Amino acid sequence: TSEQSIYERIGENQLSSIVDRFYHYVSNHPELAPIFPDDLTETARKQKQFLTQFFGGPPLYSQEHGHPMLRARHMPFQITPTRAKRWIECMIRAIDEEPIGEPLRTEMIERLQFTANHMVNSSEPS
Ligand code: HEM
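Residues numbered from 1 in each chain as written. Predicted model: local features only at pLDDT ≥ 70, side-chain atom pairs only at ≥ 80, totals over all residues. Heavy atoms only, no water.

Draft legend 1. Structural context of the environment of Gln14. Within the secondary structure layout, Gln14 lies in helix α2 (residues 12-27). Among the residues examined, Gln14 registers a relative accessible area of 18% and is labelled buried. Once the C-alpha coordinates of Gln14 and Glu97 are considered, the two residues, 83 residues apart in sequence, prove to be 9.9 Å apart. Not counting residues up to four positions away in its chain, the partners in contact with Gln14 are Glu98, Pro99 and Ile100. (Helix = DSSP H or I, 4+ residues; strand = E, 2+ residues; numbered from the N terminus. Buried < 20%, exposed > 50% of the residue type's maximum accessible area, 1.4 Å probe, protein only. Contact = heavy atoms within 4.5 Å.)

See the structure below:
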């Protein structure tokens, strides 16, 4: 039921698979790959920590890195509306390869979409 966090409903293993698959798509994406490091091992590790707490699990990210300040941490990168759209598309593809039923799937995607929109810090290059 909705008393359980998203994290509890999805579980550590599925979350980990989603994040690994997500960065596989990112690393092969012509519009996203250029702003990410070549080696995404550390990025994926941090994202697993972050999404664990974002979805109501233990605060693994904050324990190691302090307050997430996500928008500030993304300021060095040009995040255009198109890049935010590509980010969420990669995430939906990664989520949809796990057997996650509704309404959990939509709940996850809506929360991620909201945060992705919030990360936009640049207009499209003209
Ligand atoms: C880090 C891009 C949205 C969570 C990063 C990095 C880039 C990036 C380039 C740096 C990677 C590195 O140096 O290791 C983007 C783009 C987004 C986006 C293009 C499109 C909107 C999001 C969203 C979330 C998120 C929606 C969370 C739900 C994180 C986290 C880190 C990160 C936790 C690691 C921060 C750290 O270094 O501690 N992102 N991001 N990002 N991103 Fe995003």
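Draft legend 2. Highlighting the site of the ligand. Near the ligand you find 20 residues, and of these Thr43, Lys46, Tyr61, His74 and Trp87 are the closest. Note that a nitrogen atom of the ligand is positioned 3.4 Å from one of the side-chain N or O atoms of Trp87. The cavity where the ligand resides is the largest pocket. Ranked by residues supplied to the shell around the ligand, first place goes to helix α3 (residues 41-54) with 5 residues. (Near = heavy atom within 4 Å. Polar contact = N/O pair within 3.5 Å; in protein donor to acceptor, adjacent residues only side chain to side chain. 1 Å grid on protein atoms, 1.4 Å probe; cavity = no way out; pocket = protein on both sides within 12 Å on 5 of 7 lines; lining within 4 Å. Sits in = over half its atoms within 2 Å of the grid points.)

Draft legend 3. Layout of the coordination of the iron atom of the ligand. Coordination of the iron atom of the ligand by the protein involves just one donor, His74 (NE2), at a distance of 2.0 Å. Along the chain, His74 turns up in helix α5 (residues 70-74). (Donors = N, O, S within 2.8 Å, 3.2 Å for Na, K, Ca; no water.)

Draft legend 4. Representation of the layout of surface pockets. What the largest pocket holds in volume is close to 740 Å³. Around the largest pocket, the lining is made up of 25 residues, and of these Tyr23, Thr43, Gln47, Leu70 and His74 lie nearest the centre. Elements with a contribution of two residues or more to the lining of the largest pocket: α3, α5, α6 (81-95) and α7 (104-119). Among the elements that line the lining of the largest pocket, the one with the most residues is α3, at 7 residues. When grouped by side-chain class, the residues that make up the lining of the largest pocket number 17 nonpolar, 4 polar and 4 charged. (Points joined across faces, edges and corners; volume = space filled by probe spheres on them. Nonpolar A, V, L, I, M, F, W, Y, C, P; charged D, E, K, R; others polar.)

Draft legend 5. Layout of the pattern of salt bridges. One pass over the structure, following the stated rule, counts 11 salt bridges. A salt bridge links Lys85 to Glu89, with the shortest nitrogen-to-oxygen separation between them at 3.6 Å. With a gap of 4 residues between them, Lys85 and Glu89 both fall in helix α6, about one helical turn apart. Of the residues examined, Glu89 reaches a relative accessible area of 32% and is grouped as partly exposed. The partner of Arg86 in a salt bridge is Glu89, and the shortest N-O contact between them spans 3.1 Å. Taken as a pair, Arg86 and Glu89 lie in helix α6 at a separation of 3 residues, close to a single helical turn. (Salt bridge = Lys/Arg side-chain N within 4 Å of Asp/Glu carboxyl O.)

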